[in-house]
Amino acid sequence: MSWIDIGHIDDIPLRGARTVKTHSGCIAVFRTSDAEVFATGNACPHKGGPLSEGIVHGTRVTCPLHNMVFDLATGQAQGADTATIATYPVRIEEGRLLLDAAALSPSQAAA
Amino acid sequence: MKRKLVIIGAGMASGRALEHLLEADADGFDITLFNAEPRGNYNRIMLSPVLSGEKSYEEIVTHDADWYAAHGVTCRFGEKVLRVDRDRKVVVGENGEVPYDQLIFGTGSSAFIVPVPGHDLPGVVAFRDLEDTTAMTNASGTPGGRAVVIGGGLLGLEAAAALRMRGMEVTVLHIASHLMERQLDPAAGYLLKKDLERRGITVLLEASTKEIVGEGRAQQVNLADGTELPCDIVVMAVGIRPAVALAQDSGLDCGRAIKVDAQMRTSDPNVFAVGECVEFNGNLFGLVAPLYDQAKVLAATLTGAEATFAMKELSTKLKVTGCDLFSAGDFAEGDTREDIVFRDPGRGIYKRLVIEGDRLIGAVMYGDTADGNWFFGLIKDGTDISEMRETLIFGPAFQGGAPVDPMAAVAALPPEAEICGCNGVCKGTITQAIAGGATTLDDIRATTKASASCGTCTGLVEQVLAVTLGDDFVIPAAKGICGCTDLTHEDVRRLIKSQELKSQEAVWQELGWSTRNGCHVCRPAINFYLLADWPLDYKDDRQSRFVNERNHANIQKDGTYSVVPRMWGGVTTPDELRAIADAADKYNVPMVKVTGGQRIDLLGVSKDDLPAMWADLNDAGLVSGHAYSKGLRTVKTCVGSQFCRFGTQDSTGLGIRLEKILWGSWTPHKVKLGVSGCPRNCAEATCKDVGIICVDSGFEISVAGAAGMEVKETEPLAKVATEDEAVEYTTAFVQLYREHARYLDRPYKWVAKVGLDWVVDQIADAAARRALVDRFEISQSVYRTDPWAEHARPSERPAWQPLADLTLEAAE
C-alpha cells in the first residue's frame, strides 16, 4: 500500500469530519475519538447527503439529510436500511493522517 | 581475567540489569557505576508515597552502600560523566578516567519543563527525583500552602494527591479536555476528575499556562484565559525527555533516544543502553514493566546468552489511594472495532471493552478494576472471545449475567436529590411518603405535591415508586429519549438540574447511558439541556449539533446552503440591500427570495464560500439571521403608529427591541414572534410562538400559537400597560420555555403538556418573572453574539475548506 499524507489529526474536530477531494469524488474523514479515524465515501447512497456533515456518535455517522445511520468501520447502513458506503484505509502516524492511495483510483470509485 | 564494565546512571533499569548480571556471573565483571545523583538505586515509582508521607526514603532504597560493597561495585556517585571516548574506550568523569571493555548507558530521562516565562524561578520543580520530592515536602510545611501542578497525567496526579494529603491546597492544570488522555477515555477521565475533586483537589481542564510570576520565587501561575492562581510551589509534570546528550556527543546513533537493537546494543557493539534513554523500533519507554524486560535481555546479552527484547501490551494503574482505575491495550486507535460499555452510576463504575474481530484489544475501567488483570490477559494472549462476548463485560466470575437495570440511575439518587422542581420535593420526601402508605402517583401528589404542578417529573416520581415498592408498582410505559437510555426527556432535564450535571460525560455516566457518547437523537438534546441550564459552566458543543446549526446556514437538498441575514423587525436600509445584492452577485447566488419572516434568503451557496460571504455581509453591518437554528428566528412587525393611520403603539420599535434582546439564544425548538400595531393584526401575531397585539391601553401578550403542520391560535398570557412590561413578560416566557420544554417541542406543544394555567402562574409572579429574565440575561452574556463574525475570522476559514485536494496528485 502506498499512503498519502492528507493532514494532521487535529485538523478534524473531535466527533467531526472533514472532506478530501479526489478525482473520483469526495472522501469523508471522520474522527470518532482522540486518536481514532475512519475514511468513507462522502455521499449518502440514499439521496447524496454529505455524510461529513452528519452527527458522529460512537463509530457511526447519521446522514444530515434523512437520518440514515452508517457504521464507519464496515460502511453498512444500520437498522432496517440496507445500503453500503465505500470505506478506505486511513491511519495515524505521529499525528499525521495517512490515506491509502488506492482510494484515489477511478476503479475503486466505480466498484 | 575480569571484563571491565562501566555503567552510566544508577536507575531502576540499570539497577535491575546489574542484579541479573551478578546473578548469572558474580565474578566475571569489574564494575564501575556512575550516578549524577549523590546516591544509588532507589525505587523511583515509590516517590509518590514518600511525598505523601506514607513511606520514608529509606524504605524505597533498592541498593544501599552495603549492597554495592558486598558485590564489589565501584560507586562514583554525585560525579558527572563529562564524555565518553569510544576510540580509547574510556569514560571521562569529573574525577578522572575509567577504561571499559563494555559500556552501558542508563542515563534515563529528565522532566520536560514547559518553557513559559518564569519556568526557571525557584519554586518551580519537576517530580523526578528525591531533590524534587524534598522541595515539595518543604513547601507543604507552610500553613495553608498552595500548590499548582501543571500536567494531569499519571505523574502529575500522583504528585497532586500526595501534596493534598500533606494538607496543601492543590490545583491541577491540564491542557487536554480530560485527565490522563493517553490512558483513559473521556468517561473514565470524568470519574477520575470527580474523585479528585471530592478529595479537595481543583482540576482545571483545557488550561493553558501563560506564565509563572513572583518576586525571587514562583508565587503565581497565570493562565491564557486570564485566571490567576497564587501559589507557593509549582510542579511541572507534563512529560519526560530521554537524556541522550552524552550519547549524542559520543557519536552514538540517536533518534528521539539512543537507538538499540533487540539485544539492547547501540550502534557501537561494545556500548549498550537500557531504560528510559532507549529507543527501540521507534518506541520510547516510560513504564517500568518493559524496562525490566530490557534489563533481563541486556544481562543475558552481556553474559553471552540468547535473549531478544519484544514490545508487549501495557497496562496502567494510578497509585492514588481510592482512585481505582485501570487501562490496558489499545482503546483509541484502529479501523474495525466495537465497544461494550457498562455503567453503574450508583457505584461510580464505568467499564469499556474494545473488541476487534473476535479479540479483546483494549479495556478501560474505573471504580471496579477487580477484573482488570483478567481482561489484560485476554488482550495479551489474543484469546478468541466470541463465545463469551455477551457476558464478557461482567468478568470471569459472571457468565450469563442479569440484564442491566433500566432504573439504576434513579435508584442511585441520594435522598436529597430534588425530583420535583416546582414544589421543591426531594427523593427522600417521596420515599418517606411511600413508607407512610402512599402506593400510587395520586397518593404522592396528594401527600407531597411532587409532580402536581407542571407534571414533567411524573416519570421520575413513578420510577421512585417502582424502585421503592418493587413489583407492587407497575410503571406506565414511558418512552426513553432513544436507544441509549430508558429515561425520558423530562427525566433527564430534571436530573441535569437536581444532580448538577454540567458536562456530557457527567450525563452519560451518572444517568447510565448505554453508549460511548450518545447518538444523533439524544446528543443534540443533551447539548441543549446542558447549555440552557448551565450557561456559564457548559460550553456549546458544535459536534453535537445538527448540520444547519453547526454550519450556521441551512443545508439544501443538493448540499449547498442558504444565507439569511438578520433584518431587525423586518426593517432594512438601501445600504443593506446593496450589500446583499453585491454578495448575491459576487458568490453567484442562483436564487434570491423574500421569506415569510420579513427578510431575504440567498439560496444555493457552496460551503467553501460561506465565511467570505459572511465577512462581506458583516462589513455592511449585517449579522446572522439564525434562520437555521432552534433559537430565535424572526420578530415580524407591522409599521405601527409611526406610519399607519390605525396604529396604536410603535409595534415596529417594540419588535426590533425584542429581537435585539432575544437574538442568539438557543431554545428547544425555533421561536418566532409577531408584533401587530392594532387588532387588525397585519403581522399575523396570533399564530406565532409569542404574539403581541398593541391596543390603545397597552399590549396584549399571547403565546403558544402555531402555523405549521398544525394551525393554532395563540392563548392569552397577560395584558400589560407599558412596553417595558411587554418586553419583560416575553423574555420571561422564552426563558421558562428554555428551562422546561423538551427538546424539539415548539412552545404550543410544551404549553399543552404543562398547561397554560401553570405558565401564567409562573409569569404572573413578579419575583419569579424577574428571576427568569435575570437568568436569560446571564445566558445571553454568552450567546448574544454573531456566529458569522466568529467563523469569518481568517483563523477559522481553513476549517471550511476540504482537508486536502488530491485531484492533482491523482492526475500525475
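Residues numbered from 1 in each chain as written. Chains lettered and ligands numbered in written order. Predicted model: local features only at pLDDT ≥ 70, side-chain atom pairs only at ≥ 80, totals over all residues. Heavy atoms only, no water.

Helix and strand content of chain B: 26 helices and 39 strands. Principal axes of the C-alpha set define a box for chain B whose edges measure 115 × 75 × 60 Å. Relative to its 812 residues, chain B shows a buried fraction of 53%. Long-range pairs, those at least 24 residues apart, make up 62% of the contacts in chain B between residues at least 6 apart in sequence. (Helix = DSSP H or I, 4+ residues; strand = E, 2+ residues; numbered from the N terminus. Buried < 20%, exposed > 50% of the residue type's maximum accessible area, 1.4 Å probe, protein only. Contact = heavy atoms within 4.5 Å.)

With that out of the way, let us pick up a nonpolar patch on the surface. Together, Leu536, Ile778 and Val782 of chain B line one region of the surface with nonpolar side chains, adding up to about 260 Å² of accessible area. Residue classification places isoleucine 778 of chain B among the partly exposed residues on the basis of a relative accessible area of 40%. (Patch = residues over 30% accessible without salt bridge, like charges linked within 9 Å, V, L, I, M, F, W, Y side chains within 5 Å. Areas by Shrake-Rupley, 256 points an atom, 1.4 Å probe, with all protein chains shown as cover. Salt bridge = Lys/Arg side-chain N within 4 Å of Asp/Glu carboxyl O.)

Attention now goes to the UniProt feature "domain: BFD-like [2Fe-2S]-binding" (unreviewed entry) in chain B. Residues and elements named next belong to chain B. The sites that carry the UniProt feature "domain: BFD-like [2Fe-2S]-binding" (unreviewed entry) are, in the present numbering, residues 419–466 and 481–530. Annotated as residues 419–466, this span is 54% helix and 8% strand, and its ends, taken at the C-alpha atoms, are 14 Å apart. Between the first and last C-alpha atoms of residues 481–530 the distance is 15 Å; the span itself is 52% helix and 0% strand. (UniProt positions renumbered as here; feature names shortened; annotations may be inferred.)

Our next topic: the UniProt feature "domain: Rieske" (unreviewed entry) in chain A. According to UniProt, the positions carrying the feature "domain: Rieske" (unreviewed entry) are residues 3–99 of chain A. Secondary structure content for residues 3–99 of chain A is 0% helix and 48% strand, and the end C-alpha separation is 5 Å.

Those places that UniProt annotates as "domain: FAD/NAD(P)-binding" (unreviewed entry) correspond, in this numbering, to residues 4–278 of chain B. Here residues 4–278 of chain B runs as 24% helix and 28% strand, with 22 Å between its end C-alpha atoms.

This part is about the interface of chain A and chain B. Listed per partner, the contact involves 41 residues of chain A and 40 residues of chain B. Here chain A packs against chain B, burying approximately 3300 Å² in sum over the two surfaces, 54% of which is carbon and sulfur. Taken together, the links from chain A to chain B amount to four salt bridges. Its salt-bridge partner being lysine 607 of chain B, residue glutamate 53 of chain A comes within 2.7 Å of it at the nearest N-O pair. At the boundary of chain A and chain B, one finds 17 residue pairs in polar contact (both at pLDDT 80 or more). Secondary structure elements with two or more residues in the side of chain A that touches chain B: strand S1 (3–8), strand S2 (16–22), strand S3 (25–33), strand S4 (36–41), strand S5 (55–57), strand S9 (90–93) and strand S10 (96–100) of chain A. Per-element accounting of the side of chain A that touches chain B gives the leading share, six residues, to S2 of chain A. With two bridges joining them, S2 of chain A and strand S39 (residues 804–805) of chain B adopt parallel strand pairing. Looking across to S39 of chain B, one finds that valine 20 of chain A is bridged to alanine 804 of chain B. (Buried area = accessible area lost by both parts, 1.4 Å probe. Polar contact = N/O pair within 3.5 Å; in protein donor to acceptor, adjacent residues only side chain to side chain. Pairing = 2+ DSSP bridges.)

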